Amino acid sequence: MFASPAVRLIQHLPLHQLALLLAVAKIARRSGVPETTAALAFEQYESYCRSLRVEPERSAGRHELLALLYEARFVLADPAAASEPGQRVRLLVGEPDLAMAVRLSDAAGAQRLKELLDR
């Protein structure tokens, strides 16, 4: 089975980074636009965390999550402005790559995230 470099990187993301990335993807799919606000992305991320029964990252941790996804080139955003209400976050990885990465992921809870994404 062929896996792109993005798939290989995503499948090894920690659970919180994966949850935030999938939150952006779900909003993008729902809206039909590959961009959303950081506020909406973190709202969906919190929903995923509740479903997984894990404590979501708070303020400083959220900035770090967004910064790590930005540095990996999975999203386009200004991590320093993550707490600003209108801050935009654009998904830079395709949904097929995300789906394959989650299926192959070794993060605890990844399969549950895949089920949540499919809803």
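Anything mentioned here points back to the structure above.
Below is a short write-up of the structure. (Residues numbered from 1 in each chain as written. Predicted model: local features only at pLDDT ≥ 70, side-chain atom pairs only at ≥ 80, totals over all residues. Heavy atoms only, no water.)

## Some thoughts on the pairing of strand β3 (residues 88-91)
Residues Val89 and Leu91 point to one face of β3 and are all buried, whereas Arg88 and Arg90, pointing to the other face, are not buried. The pairing of strand β1 (residues 35-37) with β3 spans three bridges and is antiparallel. The residue of β3 that forms the bridge with Thr37 is Arg88. Of the strand pairs in this sheet, strand β2 (residues 75-76) and β3 are connected by two bridges, and their pairing is antiparallel. The residue bridging Val75 from the neighbouring strand is Leu91, located in β3. (Buried < 20%, exposed > 50% of the residue type's maximum accessible area, 1.4 Å probe, protein only. Helix = DSSP H or I, 4+ residues; strand = E, 2+ residues; numbered from the N terminus. Pairing = 2+ DSSP bridges.)

## Observations concerning the packing of helix α2 (residues 15-31) against helix α3 (residues 38-52)
Close contact between α2 and α3 brings their axes to 8 Å; oriented N to C, the two are set at 120 degrees. Judged on the interaxial angle alone, α3 and α2 are oblique. As α2 packs across α3, the resulting crossing turns out to be right-handed. Of the residues in α3, those in contact with Leu15, His16, Ala19, Leu20, Leu22, Ala23, Val24, Lys26, Ile27 and Arg30 of α2 are Leu40, Ala41, Phe42, Gln44, Tyr45, Tyr48, Cys49 and Leu52. The residue makeup of the contact of α2 with α3, split by class, is 14 nonpolar, two polar and two charged. (Axes fitted to C-alpha atoms, helices over the stretch in contact; angles between N-to-C directions. Parallel < 35°, antiparallel > 145°, perpendicular 65-115°, else oblique. Left-handed = near helix turned anticlockwise from the far one by under 90°. Contact = heavy atoms within 4.5 Å. Nonpolar A, V, L, I, M, F, W, Y, C, P; charged D, E, K, R; others polar.)

## Quick look at the packing of aromatic side chains
Geometrically, a pair of aromatic rings is defined through the distance of the ring centres and the angle of the planes. Scanning the entire structure with this criterion turns up one aromatic pair. Where Phe42 meets Tyr45, the ring centres are 6.3 Å apart and the plane angle is 80 degrees; that geometry is what we call edge-to-face. Of this pair, Phe42 and Tyr45 both sit in helix α3, three residues apart, which is roughly one turn of the helix. Take Phe42 and Tyr45: they sit in the same class, and that class is buried. The lysine or arginine in question, Arg73, covers the ring of Tyr70, its NZ or CZ lying 5.2 Å from the ring centre. (Phe/Tyr/Trp six-rings, centres within 6.5 Å; stacked < 30°, edge-to-face > 60°. Lys NZ or Arg CZ within 6 Å of the ring centre and 35° of its normal.)

## Considerations on the pattern of salt bridges
Opposite charge on two side chains permits pairing when their charged atoms draw close. Counted according to the given criterion, the structure contains six salt bridges. For Arg29, the salt bridge is made with Glu95, and the minimal N-O distance between the two is 3.2 Å. Of this pair, Arg29 sits in helix α2 while Glu95 sits in helix α5 (residues 95-104), placing them 66 residues apart in sequence. Judged by relative accessible area, which is 28%, Glu95 ranks as partly exposed. One salt bridge in this structure joins Glu46 and Arg62, with 1.9 Å as the shortest N-O distance. Of this pair, Glu46 sits in helix α3 while Arg62 is found in helix α4 (residues 59-71), placing the two residues 16 residues apart along the sequence. (Salt bridge = Lys/Arg side-chain N within 4 Å of Asp/Glu carboxyl O.)

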